[in-house]
Amino acid sequence: MKMNNLFVAILSLAMIFSFGACQTEIGPAGPAGPAGPAGPAGSDGQNGAENCVDCHGGNQLITAKMFQWENSVHATGGHYERNSTSCAICHTSQGFLEVAGTGGLATAATINDPLPQNCYTCHQIHNTYTSADWALTTQDPVTFWVGGETRDIGKANLCLNCHQARPRDPALPNPAETGTITLTSSSWGPHHGAQGTLFTGAGAYKTQGSTPYENSLHTTLVENGCITCHMAPVDGGRAAGGHTFRVASEDGSLNTNGCVQCHTDTDALELQVVATQAEIDDLMTQLADKLVAAGIFNASLKLVPGDYTYDQAGAAWNYTFVLEDKSFGVHNAKFTRALLKNSIEALQ
Ligand code: HEC
Ligand code: HEC
Ligand code: HEC
Ligand code: HEC
Ligand code: HEC
Ligand code: HEC
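For the structure given in this document, a descriptive report is provided here. All of these numbers come straight from a predicted model, not from anything done at the bench. (Residues numbered from 1 in each chain as written. Chains lettered and ligands numbered in written order. Predicted model: local features only at pLDDT ≥ 70, side-chain atom pairs only at ≥ 80, totals over all residues. Heavy atoms only, no water.)

A word on the overall build of the chain
Counting its regular elements, the chain contains 14 helices and 4 strands. Residues counted as buried form 33% of the 348 residues belonging to the chain. The contacts of the chain with a sequence gap of at least 6 include a subset with a gap of at least 24, amounting to 58%. Accessible area of the chain: about 20100 Å², with a carbon and sulfur share of 57%. (Helix = DSSP H or I, 4+ residues; strand = E, 2+ residues; numbered from the N terminus. Buried < 20%, exposed > 50% of the residue type's maximum accessible area, 1.4 Å probe, protein only. Contact = heavy atoms within 4.5 Å. Areas by Shrake-Rupley, 256 points an atom, 1.4 Å probe, with all protein chains shown as cover.)

A word on the coordination of the iron atom of ligand 5
Protein ligation of the iron atom of ligand 5 involves His230 (NE2) and His331 (NE2), the donor distances falling in the range 1.9 to 2.0 Å. Geometry at the iron atom of ligand 5 is octahedral, judged from its 6 donor atoms and the angles of 87 to 179° they form at the metal. Taken together, the residues His230 in helix H11 (residues 225–230) and His331 in the loop between helix H13 (310–325) and helix H14 (333–346) connect sequence positions 101 residues apart. (Donors = N, O, S within 2.8 Å, 3.2 Å for Na, K, Ca; no water. Tetrahedral: all angles 85-135°; square planar, octahedral: opposite > 155°, others 65-115°.)

Some details on the coordination of the iron atom of ligand 3
Looking at the iron atom of ligand 3, one finds its protein donor set to be His123 (NE2) and His243 (NE2), positioned 2.0 Å from the metal centre. Taken together, the 6 donor atoms surrounding the iron atom of ligand 3 define angles of 88 to 179° at the centre, an arrangement classified as octahedral. On the criterion of sequence distance, the pair formed by His123 in the loop between helix H7 (119–122) and strand E1 (142–143) and His243 in the loop between H11 and helix H12 (266–293) is long-range, its members being 120 residues apart. By relative accessible area, which is 16% here, His123 ends up buried. Judged by relative accessible area, His243 falls into the buried class, the value being 18%.

Details of the pairing of strand E4 (residues 306–309)
Alternating positions in E4 separate cleanly, Gly306 and Tyr308 being buried on one face and Asp307 and Thr309 remaining unburied on the opposite face. Where strand E3 (residues 180–183) meets E4, 4 bridges bridge the pair, whose relative direction is antiparallel. Residue pairing for E4: Ile181 is matched across the bridge by Tyr308. (Pairing = 2+ DSSP bridges.)

Section: the packing of aromatic side chains
For the structure shown, the criterion picks out 3 aromatic pairs. Between Tyr213 and Phe335, the aromatic rings sit 6.0 Å apart at their centres with planes inclined by 55°, giving tilted as the arrangement. With Tyr213 in the loop between helix H9 (195–199) and helix H10 (218–221) and Phe335 in helix H14, the pair connects residues that are 122 residues apart, well separated along the chain. Note on Tyr213: relative accessible area 26%, which makes it partly exposed. By relative accessible area, Phe335 is classed as buried at 2%. Here the basic side chain of Lys206 rests over the ring of Tyr213, its NZ or CZ set 5.9 Å away from the ring centre. (Phe/Tyr/Trp six-rings, centres within 6.5 Å; stacked < 30°, edge-to-face > 60°. Lys NZ or Arg CZ within 6 Å of the ring centre and 35° of its normal.)

Details of the site of ligand 5
Near ligand 5 lie 18 residues; those nearest to it are Gln195, Cys226, Cys229, His230 and His331. Residue His331 places a side-chain N or O atom 2.8 Å away from a nitrogen atom belonging to ligand 5. Listing elements by their share of the shell around ligand 5, those giving two or more residues are H9 and H11. By residue class, the composition of the shell around ligand 5 is 8 nonpolar, 9 polar and 1 charged. (Near = heavy atom within 4 Å. Polar contact = N/O pair within 3.5 Å; in protein donor to acceptor, adjacent residues only side chain to side chain. Nonpolar A, V, L, I, M, F, W, Y, C, P; charged D, E, K, R; others polar.)

Digging into the layout of surface pockets
For the second largest pocket, the calculated volume is near 350 Å³. Ser186, Ser187, Lys302, Thr320 and Glu324 are the residues nearest the centre of the second largest pocket, which is lined by 17 residues in total. Its residues assigned to classes, the lining of the second largest pocket comprises 8 nonpolar, 6 polar and 3 charged. (1 Å grid on protein atoms, 1.4 Å probe; cavity = no way out; pocket = protein on both sides within 12 Å on 5 of 7 lines; lining within 4 Å. Points joined across faces, edges and corners; volume = space filled by probe spheres on them.)

Focus on the site of ligand 4
Around ligand 4, 17 residues are found, and the nearest of them are Cys87, Cys90, His91, His191 and Lys326. One of the side-chain nitrogen or oxygen atoms of His91 is found 2.9 Å away from a nitrogen atom of ligand 4. Contact distances for ligand 4 include 2.9 Å between an oxygen atom and a side-chain N or O atom of Lys326. Ranked by residues supplied to the shell around ligand 4, first place goes to helix H5 (residues 88–91) with 3 residues. Looking at side-chain class alone, the shell around ligand 4 contains 5 nonpolar, 9 polar and 3 charged residues.

Printed below as a string of structure tokens:
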């Protein structure tokens, strides 16, 4: 080995000397040229680091929200791998940003490296690189896919985009007409998470009945809807409120910070929540019994594919709608009651 290295070194030296001998002589350097014209003035400190520190500075603003967001179902739910074109519009950040505000029902292609709903999904991060980038990615009124009604609940229009009923095949029938409908899928219904449609009294099968369809005052009175209750100030920690998007902590205790502006007595409010949810739960049981008796649901409360009247299919839709809303009446108590009572009547 040593002999080889020595041989290579000697060979290299020999080559340097032989190439050097081939080089031609270089003449002396010429005089320096005249100075060029002055360049245009630079812009005023735009995108300078002084803007970055408004967000990335010592205030730990991002860290605090990040700490809460990490405990939200947006971060932990795990369903962001639903990245095919028709699911990605709600389940992935990139898919949402591709269609946001357009009403588009699908992305152009499957989303690679899918991300869950994160800072970039809801805020215009790194658009101007100033604090203005905390602006929401969309807050335009939303026209629902099911029923076609348009709703405007301020900043919470952002939430309505994803938390709405999905169009199904066959479409939800019109209760003003009579007919039969063939349901081929046991998962026919408004899909999970249609809170925005129920909260604003839309996307339901409004069959005729003795209870009028009215919305709870929550629908119009709660400024910024979802945000007021679900993103209310946090009582320290990250159990509920703020960017956890939870109105109740995982152990079930309600964060009433968003409620007290109207419900000043929190003890009374907690009892009221229990009472409303128990009443809705009871109506749900009555409706489920009727759906099972009519053979529309099986014993485990799953839809049995088959031919149904509009009213039968509509009652099944309404049951699933209220179940998947998960608030058991708190969102829109009056409308929820009317849906369940009138659906029960329709199946008598
Ligand atoms: C409106 C507030 C805001 C401003 C202004 C801002 N950022 Fe950010 N930045 C964020 C947020 C929010 C994130 C995402 C946080 C995370 O994922 O950790 C982020 C993430 C980053 C990251 C991590 C990599 C990435 O893209 O996720 C870098 C690097 C970064 N910013 C650099 C900058 C620089 C440089 C500037 C100034 C030119 C700047 N930021 C201005 C809010 C801001
Ligand atoms: C880009 C679509 C999208 C937007 C915008 C969005 N969400 Fe969600 N949200 C989802 C999805 C999808 C899930 C389920 C996540 C999972 O399981 O992976 C979810 C889950 C949730 C949950 C937890 C549900 C549970 O079962 O515990 C709450 C609460 C929630 N969102 C509230 C909100 C609020 C409030 C807003 C508006 C500030 C909002 N969301 C905006 C798509 C969205
Ligand atoms: C599901 C949507 C959503 C996600 C995800 C989200 N935010 Fe927000 N954020 C909101 C909404 C809605 C508000 C309230 C806006 C308002 O009231 O003006 C808000 C407010 C804020 C504010 C206060 C802004 C201001 O104008 O003072 C900050 C800071 C913030 N978010 C940071 C973050 C960071 C950091 C992340 C990622 C860890 C994040 N957000 C993720 C929806 C979201
Ligand atoms: C309109 C927006 C939207 C679309 C489109 C959408 N989802 Fe969802 N999905 C949601 C929301 C919001 C939730 C969270 C519901 C909740 O926890 O209350 C959810 C929850 C889910 C869950 C979790 C259910 C549970 O009980 O934990 C599954 C599974 C799911 N979606 C599958 C899909 C599939 C598959 C597609 C495409 C065929 C799809 N979703 C399309 C909004 C959507
Ligand atoms: C008046 C206050 C209020 C408003 C406004 C509101 N919610 Fe809720 N929401 C609740 C309460 C209370 C529950 C039930 C919590 C429980 O029993 O655990 C709930 C339950 C939920 C759940 C089930 C998961 C969970 O966190 O318990 C989701 C998802 C949800 N709401 C989303 C929304 C969306 C999206 C909007 C806006 C369209 C909205 N909510 C508007 C108070 C509200
Ligand atoms: C902007 C005012 C406002 C806010 C904020 C508000 N509520 Fe209400 N709530 C009302 C009013 C007014 C009523 C009675 C009239 C109605 O329901 O139409 C009511 C009724 C209720 C009912 C009884 C519904 C029924 O008919 O059985 C419950 C339960 C409830 N609210 C829970 C909550 C919770 C929980 C919060 C906070 C997470 C909250 N509300 C936030 C104004 C508000």
